[in-house]
Each structure stands twice: as structure tokens, then as C-alpha cells.
Amino acid sequence: MEPDLHELLRSLRVWDPRITDLPAFDPAAAPAEPLPLFTRWFAEAVAAGQTEPHTMSLATADARGLPDVRIVMLHGADDDGWSFATHAHSRKGGHLTARPYAALAFYWPVLGRQVRVRGPVEAAPAEEAQADLHARSTGALAAALTGRQSEVLGSPEELARASETAWEQARHAPDTPAPSWTLYRLRADEVEFFQGEPRRRHVRLRYRRGTEGWVRESLWP
């Protein structure tokens, strides 16, 4: 018998106190720019034992404006922006070529926190993309060398052959370039920090880039 989805949904609880701690958040004490607060929250999520805190949702739109979203890995965040990587010929790579604007969302349920980021996206220089790739694991390089991301797959055997070849190359030639591998940087126009609150008086702080720097605004939950 198939499970009852609605029954399962009704049985679930958000922010179970056995595993979630909802810390206080005072927007008045937040820094003038969003990056220091993001770095602090990220470090606190790691310290709290959040599983894979560096994963994030990446939302893009195609040439017709139709949205798409998937989970990717954060490669860095600094004054140049929030960075992630993919093949230029992948579905999301094509979206970013047609519409170089995206949104990110981090969710750290162990602390009841979300961070949302959106803004224009640019590709980093090719040498930076390759340096970033070669600083990662052998598996990351093998996956990049397998290539053909988002294309229709003929058979599992075809993937297995390509993957074995890529793994062999990654192990024996760790400096092998993956020419289509692209490092993208999202330069934030807006960054929102969401802190859950036990009585649902959630705290939302939005940073909005203005002509003279960042503007901070509290939002209704």
C-alpha cells in the first residue's frame, strides 16, 4: 500500500525542540553589510551540527522567463559575491547565459534560519574556475570531466564508461582542465536573513543595495 502523503504531512513538526534551537536575533545589532552576518551565521550552523550547511537552492530562469531551481554547493562568498560552479553548457549554465540573474536560498533548520540572496551573475575568468576545480576532490574533477551535463543519457552503461574514464584521468592527471567548467559569482542586490521564533514572530532583516551603500530593513514575517 502506498503511503498517505497528507497523513505524513500532518504528522511532521517544524523545528522540533529536540533538535532545533531558535536563538534570539536583534536586527539593530546586525553589521552594516550582509557578508559579515552571513559568515557568522554560516559558522554557527557548522558549530551547531547542521548537515551540509554549504548546500543551497539556486533559482534561475530560461530565455522565456520560466523558473527552475536545484541544489548546488557554495564555493565561496566574499566582496566579489557568492560563488558556485557548473558546466557552461548545463541547463543552469544556459539559463545564466540567457538571463544572468539568479537567487540563492540557504536553510539551516537546526537553528531555524534561512538566508536568501539575489542579484546579477557573472562568470569568473577561466583560470579562476580551473583553479577552483583543481583545489577540490578527485571526485569533483572526475564528475567535471565526465561532462555532457544535462544532455539526454542513452543508457546507464554509457555513463559508467564515461565515468570510469574520467576517474582514471582525474587520478593520474589531477591538473587536467575541464574547459566548460565555469565559476559563477552572484553579486547581491538583496540579502535577507530569517530567524525563526517559537511564537511565530519570526525576525526578517533585509539588506538592499542602495546608491550609497546597504540599506537595512526589517520585514513582517
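Everything that follows concerns the structure shown earlier in this document.
Owing to the predicted nature of the structure, the values given are computational and were not obtained by experimental measurement.

**Concerning the overall build of the protein**
Okay, step 1: A count of helical and extended segments in the protein gives 6 helices and 10 strands.
Okay, step 2: When each of the 221 residues of the protein is scored for burial, the buried share is 36%.
Okay, step 3: The contacts of the protein with a sequence gap of at least 6 include a subset with a gap of at least 24, amounting to 64%.
Okay, step 4: With an accessible surface of roughly 13400 Å², the protein has 54% of that area assigned to carbon and sulfur atoms.
Okay, step 5: Across the protein, the mean location of the 26 positive side-chain charges is 7 Å away from that of the 30 negative side-chain charges.

**Here we look at the environment of E2**
Okay, step 1: Along the polypeptide, E2 turns up in the segment before α1 (5-11).
Okay, step 2: On the accessibility criterion, E2 (70% relative accessible area) is exposed.
Okay, step 3: Distance from E2 to P177, taken between C-alpha atoms, is 47 Å for residues 175 residues apart in sequence.

**Quick notes on the environment of L219**
Okay, step 1: If you trace the backbone, L219 turns up in strand β10 (residues 213-219).
Okay, step 2: Considering only alpha carbons, one finds L219 and A32, 187 residues apart in sequence, at a separation of 17 Å.
Okay, step 3: Apart from residues no more than four positions distant in its own chain, L219 is found in contact with E192, R204 and R206.

**Here we look at the packing of helix α5 (residues 138-146) against helix α6 (residues 156-172)**
Okay, step 1: Relative orientation of the contacting elements α5 and α6 amounts to 130°, with a least axis distance of 8 Å. On the basis of their axis angle, the class for α5 and α6 is oblique. Relative to α6, α5 is oriented so that their crossing is right-handed. Between α5, through T138, G139, L141, A142, L145 and T146, and α6, the contact on the second element is made entirely by L159, A162, S163, A166, W167, Q169, A170 and R171.
Okay, step 2: Partitioned by chemical class, the residues of the contact of α5 with α6 number 8 nonpolar, 5 polar and 1 charged.

**Observations regarding the pattern of salt bridges**
Okay, step 1: Under the defined criterion, the tally for this structure stands at 14 salt bridges.
Okay, step 2: A salt bridge links E190 to R118; its shortest N-O distance comes to 3.4 Å. With a gap of 72 residues between them, E190 in strand β8 (residues 190-195) and R118 in strand β6 (residues 113-123) connect regions that are remote in the sequence.
Okay, step 3: By relative accessible area, which is 40% here, R118 ends up partly exposed.
Okay, step 4: With a shortest N-O distance of 3.0 Å, E158 and R148 are connected by a salt bridge.

**Some points on the packing of aromatic side chains**
Okay, step 1: Taken as a whole and judged by the stated rule, the model has 12 aromatic pairs.
Okay, step 2: Ring geometry for F38 versus W108: centroids 6.1 Å apart, planes at 45°, classification tilted. One end of the pair, F38, is in helix α2 (residues 34-47); the other, W108, is in strand β5 (residues 101-108), and 70 residues separate them in sequence. In this structure, F38 and W108 share a single accessibility class: buried.
Okay, step 3: For the pair F42 and W108, a centre-to-centre distance of 6.0 Å together with 75° between the ring planes defines the contact as edge-to-face. Here W108 lies in strand β5 and F42 lies in helix α2, a separation of 66 residues in the sequence.
Okay, step 4: On the basis of relative accessibility, which here comes to 1%, the residue W108 falls in the buried class.
Okay, step 5: Three or more aromatic residues joined by ring pairs form one cluster here, namely F25, W41, F193, Y207 and W214.
Okay, step 6: Just above the ring of W41 sits the side chain of R113; from NZ or CZ to the centre is 4.1 Å.

Conventions we followed
- Residues numbered from 1 in each chain as written.
- Predicted model: local features only at pLDDT ≥ 70, side-chain atom pairs only at ≥ 80, totals over all residues.
- Heavy atoms only, no water.
- Helix = DSSP H or I, 4+ residues; strand = E, 2+ residues; numbered from the N terminus.
- Buried < 20%, exposed > 50% of the residue type's maximum accessible area, 1.4 Å probe, protein only.
- Contact = heavy atoms within 4.5 Å.
- Areas by Shrake-Rupley, 256 points an atom, 1.4 Å probe, with all protein chains shown as cover.
- Lys, Arg positive; Asp, Glu negative; His and termini not counted.
- Charge placed at Lys NZ, Arg CZ, Asp CG, Glu CD.
- Axes fitted to C-alpha atoms, helices over the stretch in contact; angles between N-to-C directions.
- Parallel < 35°, antiparallel > 145°, perpendicular 65-115°, else oblique.
- Left-handed = near helix turned anticlockwise from the far one by under 90°.
- Nonpolar A, V, L, I, M, F, W, Y, C, P; charged D, E, K, R; others polar.
- Salt bridge = Lys/Arg side-chain N within 4 Å of Asp/Glu carboxyl O.
- Phe/Tyr/Trp six-rings, centres within 6.5 Å; stacked < 30°, edge-to-face > 60°.
- Lys NZ or Arg CZ within 6 Å of the ring centre and 35° of its normal.

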